[in-house]
Amino acid sequence: MLFYSFFKTLIGHTVVIELKNDLTIEGTLYAVDQFLNLKLRDIKVRDEEKYPHMMCVKNCFIRGSVVRYVHVPASHVATDLLQDASRTEAKHAKESNKQ
Amino acid sequence: LCSMSDSLGSTVEEPLDLIRLSLDEVIYVKLRGHRELRGKLHAYDQHLNMILGDVTETHTVVEIDEETFEEIITPVKRDIPMLFVRGDGIILVAPPIRT
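Residues numbered from 1 in each chain as written. Chains lettered and ligands numbered in written order. Predicted model: local features only at pLDDT ≥ 70, side-chain atom pairs only at ≥ 80, totals over all residues. Heavy atoms only, no water.

## So, unusual backbone geometry
- Not every positive phi belongs to a glycine, and Leu36 of chain A is a case in point at roughly 65°.
- Tracing the chain through its elements places Leu36 of chain A in the loop between strand E2 (24-32) and strand E3 (38-45).
- Judged by its relative accessible area of 8%, Leu36 of chain A is buried.
- Backbone geometry at Leu48 of chain B places phi at a positive 70°, although glycine is not the residue there.
- With respect to the element layout, Leu48 of chain B can be found in the loop between strand E4 (35-44) and strand E5 (50-64). (Helix = DSSP H or I, 4+ residues; strand = E, 2+ residues; numbered from the N terminus. Buried < 20%, exposed > 50% of the residue type's maximum accessible area, 1.4 Å probe, protein only.)

## Considering the nonpolar core
- In this structure, Phe6, Phe7, Ile17, Leu40, Ile62 and Val70 of chain A are the most contacted members of the largest nonpolar core, which totals 30 residues.
- In this structure, Val70 of chain A is in contact with Phe7, Val15, Val16, Ile17 and Leu38 of chain A together with Met82, Leu83 and Phe84 of chain B, ignoring residues within four places of it in sequence. (Core = buried A, V, L, I, M, F, W, Y, C linked by side-chain atoms within 4.5 Å. Contact = heavy atoms within 4.5 Å.)

## As for the environment of Leu29 of chain A
Residues and elements named next belong to chain A.
- Assignment of secondary structure puts Leu29 in strand E2.
- A relative accessible area of 2% places Leu29 in the buried class.
- For the pair Leu29 and Ile43, spaced 14 residues apart in the sequence, the C-alpha separation amounts to 9.6 Å.
- Leaving out residues up to four positions away in the same chain, Leu29 has contacts with Phe7, Leu10, Ile11, Gly12, His13, Val15, Leu38, Lys39 and Leu40.

## Quick notes on the interface of chain A and chain B
- Between chain A and chain B, the contact holds 29 residues from the first and 30 residues from the second.
- In total, chain A and chain B occlude about 2500 Å² of area from one another, counting both sides; carbon and sulfur atoms represent 60% of this.
- Area buried by chain A at its contact with chain B is led by Phe3, Tyr69 and Lys94 of chain A, which between them contribute 27% of it.
- One can count four salt bridges joining chain A with chain B.
- A salt bridge links Glu18 of chain A to Arg78 of chain B; its shortest N-O distance comes to 2.9 Å.
- Inspection of the region where chain A meets chain B yields eleven residue pairs in polar contact (both at pLDDT 80 or more).
- Looking at the side of chain A that touches chain B, the elements with two or more residues in it are helix H1 (2-9), strand E5 (67-71) and helix H2 (79-98) of chain A.
- At ten residues, the largest contribution of residues to the side of chain A that touches chain B is made by H2 of chain A.
- Bridge count for E5 of chain A against strand E6 (residues 71-85) of chain B is three bridges, and the pairing is antiparallel. Counterpart to His71 of chain A in the pairing with E6 of chain B is Leu83 of chain B. (Buried area = accessible area lost by both parts, 1.4 Å probe. Salt bridge = Lys/Arg side-chain N within 4 Å of Asp/Glu carboxyl O. Polar contact = N/O pair within 3.5 Å; in protein donor to acceptor, adjacent residues only side chain to side chain. Pairing = 2+ DSSP bridges.)

Listed below in structure tokens is the structure:
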């Protein structure tokens, strides 16, 4: 649940989502769930001339599995806390796999 | 079966443990779609979702000249300060390859 918690800390911030179909969407992160599905508000498509079919769309829901990258504001990331959380998460995942 | 201990006293047994050793280090990540990343590993989980800092993405575009049929290989680089990468696009993870 590490990345679920991480994205929850980013709710209200501007993020840029790059999808696997090369579409890039900038917007305010509004919601996230355990599958890392995302809801964005007030979206703006990067490179609008190339992808005009979302010009009237303000809010959107993105299925987590179609995401390639999420560009996040570096200033908002506590890298040391993330690293510690990864070590703990990896240990728990290993223990639950062993059972 | 070989199991070693790392500096924190945790046993290194499975491949994910090797990734844990790379936390706070620069790594090389090969992705689907002829993309490569080089950046500092801040977080990961058992799905290989990752957060990388100070990333350089190299995207290799292969064009075929219609007249000569020769392949024109163009690497395109991009710098991203902080990036979430979804695990299902990752092919391999390694220490940085010297280029």
